[in-house]
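In case you want the letters, here they are:
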Amino acid sequence: MLRYNDVFDLEQVSYTEDELLVSLGEAGIATAVIQAEWDSGDYHALNDGVAELVRRHPHFIGFGAVDLSDGYAAAQEVRRCVEELGLVGINVQPFASGIHADAAVCY
């Protein structure tokens, strides 16, 4: 199975929060999307982390993530992301949940 990191070699990308902010400023980027990119583990914690980053740096726009195979629990997490965490979008990666992109749950 080809993984995202195999294509983009993200293991070599390592920015501290401050370095990221400086880099965005140098590039003239005033607003940026920060997303939780889930492929395993606790996506709730990832969403909490993104929300915290957005709270510290309001020029970031936060997107959460869910595991579509969690069914209704995933829908509840979407609601929590919006209503409690203040995130404005959800990063959905059906392949990480073992679901085909054309599956009904994706709609």
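Up top is the structure these notes are about.
Description of the structure in this document. (Residues numbered from 1 in each chain as written. Predicted model: local features only at pLDDT ≥ 70, side-chain atom pairs only at ≥ 80, totals over all residues. Heavy atoms only, no water.)

## Structural notes on the overall build of the protein chain
For the protein chain, the helix and strand inventory stands at 4 helices and 3 strands. What you see in the protein chain, going N to C, is helices and strands ordered as α-α-β-α-β-α-β. By residue count, 31% of the 107 residues in the protein chain fall in the buried class. Sequence-distant contacts in the protein chain: of pairs separated by 6 or more residues, those separated by 24 or more amount to 67%. (Helix = DSSP H or I, 4+ residues; strand = E, 2+ residues; numbered from the N terminus. Buried < 20%, exposed > 50% of the residue type's maximum accessible area, 1.4 Å probe, protein only. Contact = heavy atoms within 4.5 Å.)

## Regarding helix 4 (residues 72-83)
The periodicity of an α-helix, 3.6 residues per turn, causes residues three or four positions apart to be oriented the same way. Taking 1.5 Å per residue, 12 residues should reach 16 Å; helix 4 reaches 16 Å between its end C-alpha atoms and fits that length. Those residues of helix 4 not exposed but buried are Ala 74, Glu 77, Arg 80 and Cys 81. Within helix 4, the buried residues cover an arc of 110° as seen down the axis, which keeps them to one side. In helix 4, the exposed positions angled more than 90 degrees off the buried face are occupied by Tyr 72, Arg 79 and Glu 83. Buried positions along helix 4 lie against helix 3 (43-56), strand 2 (60-65) and strand 3 (89-91). (Expected span 1.5 Å × (residues − 1). Arc of directions from axis to C-beta.)

## A look at the nonpolar core
Residues Ile 34, Trp 38, Val 50, Phe 60, Val 66, Leu 85 and Leu 87 are the most contacted members of the largest nonpolar core, which totals 21 residues. Elements with a contribution of two residues or more to this core: helix 2 (17-26), strand 1 (32-35), helix 3, strand 2 and helix 4. The element best represented in this core is helix 3, accounting for 5 residues. Excluding anything up to four places from it in sequence, Leu 87 contacts Asn 47, Val 50, Ala 51, Gly 62, Phe 63, Gly 64, Cys 81 and Val 82. (Core = buried A, V, L, I, M, F, W, Y, C linked by side-chain atoms within 4.5 Å.)

## Regarding the side chain of Glu 77
With respect to the helices, strands and loops of the structure, Glu 77 is situated in helix 4. Under the relative-accessibility criterion, Glu 77 is labelled buried at 3%. With sequence-adjacent residues up to four places away left out, Glu 77 is seen in contact with Tyr 43, His 44, Asn 47, Ala 65 and Val 66.

## Brief notes about the environment of Val 92
Among the structural elements, Val 92 can be located in the segment after strand 3. When the C-alpha atoms of Val 92 and Trp 38 are compared, they prove to be 8.6 Å apart, with 54 residues separating the residues in sequence.

## A word on the pairing of strand 2
Both strand 1 and strand 2 contribute to a ladder of 4 bridges, which runs parallel. Looking across to strand 2, one finds that Gln 35 is bridged to Phe 63. Taken together, strand 1, helix 3 and strand 2 constitute a β-α-β crossover, and its handedness is right-handed. Of the crossover connections in this fold, the one passing from strand 2 over helix 4 to the parallel strand 3 is right-handed. (Pairing = 2+ DSSP bridges. Right-handed = clockwise from strand over helix to strand, strands pointing away.)

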